[in-house]
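Here is how the chains run, residue by residue.
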Amino acid sequence: MGMTACVLAVDAGNSKTDVAVVAADGTVLATARGGGFRPPTAGVEQAMDSLAETVRQAFAAAGVTSADHVSACLANADFPVEEEQLAAALHARAWGTTVEVRNDTFAILRAGVTEPRGVAVVCGAGINCVGMRPDGRTARFPALGRISGDWGGGWGLAEEALWHAARAEDGRGVPTALAHTLPAHFGLPTMYALIEALHLGHIAPARRHELTPVLFATAASGDPVARGLVDRLADEVVTMATVALTRLDLLTEEAPVLLGGSVLAARHPQLIDGIRELLTSRAPKAVPDVVTASPVLGAALLGLDAVKAPPRAHTRLRRHFS
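Predicted model, so just to flag it, every value in this text is computed and none were measured.

*Asks:* I keep staring at the overall build of the protein chain and nothing clicks. Help me out?
*Replies:* The number of helices and strands found in the protein chain is 13 helices and 10 strands. Taking 2.2 N^0.38 as the reference for a compact globule, 322 residues should give roughly 20 Å; the C-alpha atoms of the protein chain span a radius of gyration of 21 Å, in line with that estimate. Taking the principal axes of the C-alpha coordinates as reference, the protein chain spans close to 70 × 45 × 35 Å. When the 322 residues of the protein chain are sorted by exposure, 51% land in the buried category. A separation of at least 24 residues holds for 66% of the contacts in the protein chain among residues at least 6 apart in sequence. By element, 55% of the accessible surface of the protein chain is carried by carbon and sulfur atoms, the whole surface being about 14,500 Å². Charged side chains in the protein chain number 28 positive and 33 negative. The centres of these two groups are separated by 4 Å.

*Asks:* How should the pairing of strand E1 (residues 7–12) be read in this particular structure?
*Replies:* One face of the sheet, then the other: side chains in a regular strand alternate in exactly this way. Among the 6 residues in E1, 6 count as buried, and that is most of the element. In terms of strand pairing, E1 meets strand E2 (residues 16–22) through 6 bridges, oriented antiparallel. Within E2, the residue paired with Val7 across the bridge is Val22. The turn joining E1 and E2, which pair antiparallel and follow one another in sequence, is formed by 3 residues.

*Asks:* Can you help me understand the packing of helix H5 (residues 153–170) against helix H8 (residues 211–220) in this one?
*Replies:* Helix-helix packing is characterised by the crossing angle of the two axes and by the distance between the axes. The geometry of H5 relative to H8 is characterised by a closest axis approach of 8 Å and an angle of 65° between their N-to-C directions. Two packed elements cross with a definite hand, and for H5 against H8 that hand is left-handed. Here Gly154, Leu157, Ala158, Ala161 and Leu162 of H5 lie close against H8, whose contacting residues are Leu211, Thr212, Leu215 and Phe216. The residue makeup of the contact of H5 with H8, split by class, is 7 nonpolar, 2 polar and no charged.

*Asks:* What is the right way to look at the packing of aromatic side chains in this model?
*Replies:* Any two aromatic rings considered together are summarised by their centre-to-centre distance and by the angle between their planes. On inspection of all chains with the given rule, the structure shows 0 aromatic pairs. Over the ring of Phe106 we find Arg102, and its NZ or CZ is 5.3 Å from the ring centre. Taking the ring centre of Phe141 as reference, the NZ or CZ of Arg247 above it sits at 4.6 Å.

*Asks:* Got a minute to help me understand the sheet that holds strand E5 (residues 96–103) in this structure?
*Replies:* In any sheet, the strands associate via hydrogen bonds between backbone groups, in a parallel or an antiparallel arrangement. Across the sheet, which stays open at both edges, the 5 strands sit in the order E3-E2-E1-E4-E5 with mixed pairing between neighbours. In this open sheet, the two strands that pair with only one neighbour each are strand E3 (28–35) and E5. Across the sheet, the mean angle from the axis of one strand to that of its neighbour is 15°, orientation sign disregarded. Where strand E4 (residues 67–74) meets E5, 7 bridges bridge the pair, whose relative direction is parallel. From the neighbouring strand, Ala72 faces E5, where its bridge partner is Val101.

Rules used in this analysis
- Residues numbered from 1 in each chain as written.
- Predicted model: local features only at pLDDT ≥ 70, side-chain atom pairs only at ≥ 80, totals over all residues.
- Heavy atoms only, no water.
- Helix = DSSP H or I, 4+ residues; strand = E, 2+ residues; numbered from the N terminus.
- Rg over C-alpha atoms; globule rule 2.2 N^0.38 Å.
- Buried < 20%, exposed > 50% of the residue type's maximum accessible area, 1.4 Å probe, protein only.
- Contact = heavy atoms within 4.5 Å.
- Areas by Shrake-Rupley, 256 points an atom, 1.4 Å probe, with all protein chains shown as cover.
- Lys, Arg positive; Asp, Glu negative; His and termini not counted.
- Charge placed at Lys NZ, Arg CZ, Asp CG, Glu CD.
- Pairing = 2+ DSSP bridges.
- Axes fitted to C-alpha atoms, helices over the stretch in contact; angles between N-to-C directions.
- Left-handed = near helix turned anticlockwise from the far one by under 90°.
- Nonpolar A, V, L, I, M, F, W, Y, C, P; charged D, E, K, R; others polar.
- Phe/Tyr/Trp six-rings, centres within 6.5 Å; stacked < 30°, edge-to-face > 60°.
- Lys NZ or Arg CZ within 6 Å of the ring centre and 35° of its normal.

Just geometry here; none of it tells us what the structure is for.
Written out as structure tokens, the structure is:
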């Protein structure tokens, strides 16, 4: 007789979904990976259908048909009403007796801490920040882009770089090497040519994210405009972290500030050094660190927290993903 599934852990992002089936003692029975989870564009039911295939693969590999608890950290779960809607949709699938839905940023936070306490700032395509305490208190932002006051993220940085480069070339702005490095990335001679190619669809809109690493490379070469954008991102990261720490009454005690997402995980020296320097002045007791652990680990740890699994189960689970 094999072990029964205690937790079905789901980390579902815009680009990929990871699922893990975990026993009560922290043993990982099976994992599976699927495509992106995008309810806003696909609709909740279609997004759930896509997730269902990944869950079926994991359950089949584990030799089970359900779990005691579903711990789902989902992209686009930005408001409590969305969490409730997604939790109801998961309940309807009968994958677990109980269900808890959180924004996917919580998975990155929980993956990087030994207890559910601290703050995480995630900068990938967009930017987000969450915090939590063991007593259940949380801090979060809507993280919907400019309408919710956000600045930064890979898409935002690419847009800013294009804006400055366009104005530099036509004389409305100050000179910057971005006017040459951005079009050169696509094999084009000028910003005018790049603007035309983007406008006419000769370069797919999705490829704009490729310009974020170009921005960082241009900053590393010493360009003042590019460096200014990197410094602004460092300031934004620290601002979000400091607000979250303050809301959770963690500003005056030692607390982890975890940095995740593709932009922060790349560890660009100017950005990471800038974040550390600003935290030293604004949140001196914060302990910054870059998270490289798989987010599905965080979703699974949150699941073990919910079922009150013993510490050794958490240790065994971490060992599997290390």
